Amino acid sequence: MDQLHIFFLPLLSAGNFIPMVDMAKLFASRGVRATIVTTAGNLTRVKPAVDRCPHPIRILTISFPSSSVPDNMSDVPTPDTCNEVLEALGSLEAPFEQLLAEHRPDCVVSDMWYTWSADLAAARGIPRLIFRASSAFSGVLSAAISSSKPHEGVADDDEPFLVPGVPHRIELSRSRLMYSDELYAPLRGLFARMAEAVRRSYGTVLNTSRELEPGYVAGERVWALGPVSLCNEDALERAARGGDGCGDCMDWLDGREPGSVVYVCFGSMGGFGRDQLREVAAGLAASGHPFLWVVRNAGDASEWMPEGFEEEVEGTGRVVWGWAPQVAILGHGAVGGFVTHCGWNSCLEGASCGVPMATWPLFSDQFLNERLLVDVLRIGVAVGSKKFGWLAEERTLVGAEDVSRAVKEVMGSGEEARGRREEGEGERSCGGGEEGYGGGRIFLQ
Ligand code: UDP
């Protein structure tokens, strides 16, 4: 029989293309001929992972005609500029159609944001599978809130309401949701087209597992294939996800006590203003725990770093500028906690490495994912972020005391902290048996 040939078309954002590249690797490991289609500008981020893959995967590039916006959402100056990138996605339709005609794959796995790929696949009579990069939990909660509108019955944005009709007791507030017309309106048309394209697709593949989202993965032709990061079998494969970076931080971790370091990272897009960066720095120093902190888009450090910070944390704290190999770090035995913005990949990666988390959601579905970690899986402690904001200045400031408190709680040795660790306990999944890494996994694929 001919080898099945699948095209993978990831969205131009690290949180979407990293798991889709992992998924392509997973299919390739099962004998599928996998081809990843991306833009020339994303090649440097996708290629290292593909080069490290023990199974052959092809990359085809298409050009991104828009010159006014970058072709990666992780490179846009502020998260709201992402809308411009999303609008420019339509320009990929024609070059993608040409590749379909040339290579005639048997199936397309397309990020859900490319609504037009439904028509292109239908025109060729091949199935289109949708890749949704977010959690099933956030999808179920959003649908429950949209249909029952519990947020309309509260007096103000901070008053909590219960989400009706879901398997767990989940409280939210309007301030944590993207519910306002002002925020939602620019994307309304795209969301409607997306829902329509879902109806015309063969099914959905999710980066999750039913154990991780108990009672939330549902629907016909919905496949939970995650956590897909587990397909990376050795340290080099794990470090190659999303590009290179971090310098000698893995060596630095090798020199730390087991479980002693808190890893701090706010994903590929989560930027902070100077005031907030200063509070994070002060909070980490005050926590007294060794830390590895990934800082992106932070401008000139002298404008926000507290005086004497570097001297105070010398030998115990490490700042990584730009990008770090997150899954390799989370799988390192020295890491005992994770301060996360609750992007879905980060939640999965922390959970599958058995690392308890201090949750600090910023925007998107992150406030919903926080509830999964804190209320359902009980492996998270909320730092105290209460206001959704695409832009740093729209959010409320989280003070150094809250940062320090949450880090101490997550890294602590008290009963609750031990309980959280035990919830995620088992052998670590990210490791592959090398020195400094655990073996096995807690959430099976
Ligand atoms: N990531 C990484 N190094 C970094 C920042 C992010 O490897 O310095 C990876 C992380 O492991 C995850 C992805 O980028 O796979 C970010 O996805 P997530 O859903 O957590 O957040 P987003 O960036 O979409 O907000």
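Keep in mind that what you see is a predicted model, and the values were worked out from it rather than measured.

Asks: Got a sec to walk through the overall build of the chain? Specific residues and values, please.
Replies: When helices and strands are tallied, the chain shows 16 helices and 15 strands. Taken over the C-alpha trace, the chain has a radius of gyration of 21 Å; the compact-globule value for 445 residues is 22 Å, and the two agree within 12%. Seen through its principal axes, the chain has C-alpha atoms that stretch 60 × 55 × 40 Å. For the chain, the proportion of its 445 residues judged to be buried stands at 47%. The long-range share in the chain, meaning contacts at least 24 apart out of those at least 6 apart in sequence, stands at 66%.

Asks: Can you tell me about the environment of Gly125, naming the residues and giving the values?
Replies: Structurally, the position occupied by Gly125 is in the loop between helix H5 (117-124) and strand S5 (128-132). It is 32 Å that separates the C-alpha atoms of Gly125 and Cys82, two residues lying 43 residues apart in sequence.

Asks: Tell me about the packing of helix H6 (residues 136-148) against helix H14 (residues 366-376), and please be specific about residues and values.
Replies: Where H6 contacts H14, the axes come no closer than 9 Å and their chain directions differ by 115°. One element, H6, and the other, H14, form an angle in the roughly perpendicular class. As for how H6 packs across H14, the hand of that crossing is right-handed. In this structure, H6 uses Phe137, Ser138 and Leu141 to contact H14, whose residues at the interface are Leu368, Asn369 and Leu372. Each residue belonging to the contact of H6 with H14 can be placed in one class, and the counts come to four nonpolar, two polar and no charged.

Asks: Tell me about the domain arrangement of the chain, and name the residues and values.
Replies: Taken domain by domain, the chain holds domain 1 (5-137 + 175-231) and domain 2 (244-427). Distance between the C-alpha centres of domain 1 and domain 2: 27 Å. Per-element accounting of the side of domain 1 that touches domain 2 gives the leading share, four residues, to helix H1 (residues 14-29). Broken down by class, the residue content of the side of domain 1 that touches domain 2 amounts to 13 nonpolar, eleven polar and three charged.

Asks: Provide a residue-level description of the sheet that holds strand S15 (residues 380-382), including the pertinent values.
Replies: Read across the sheet, six strands follow the order S12-S11-S10-S13-S14-S15 without closing on themselves; strand pairing throughout is parallel. Each end of this open sheet is capped by a strand with a single partner; those strands are strand S12 (317-321) and S15. Going across the sheet, the axis of each strand differs from the next one's by a mean of 20°, ignoring polarity. One ladder, built from five bridges, connects strand S11 (residues 291-295) with S12; its direction is parallel. Within S12, the position partnered with Trp293 by the bridge is Val319.

What counts and how
Residues numbered from 1 in each chain as written. Predicted model: local features only at pLDDT ≥ 70, side-chain atom pairs only at ≥ 80, totals over all residues. Helix = DSSP H or I, 4+ residues; strand = E, 2+ residues; numbered from the N terminus. Rg over C-alpha atoms; globule rule 2.2 N^0.38 Å. Buried ≥ 20, exposed ≤ 12 C-beta atoms within 10 Å, placed from the backbone. Contact = placed C-beta atoms within 7 Å. Axes fitted to C-alpha atoms, helices over the stretch in contact; angles between N-to-C directions. Parallel < 35°, antiparallel > 145°, perpendicular 65-115°, else oblique. Left-handed = near helix turned anticlockwise from the far one by under 90°. Nonpolar A, V, L, I, M, F, W, Y, C, P; charged D, E, K, R; others polar. Domains from an automatic or database assignment. Pairing = 2+ DSSP bridges.

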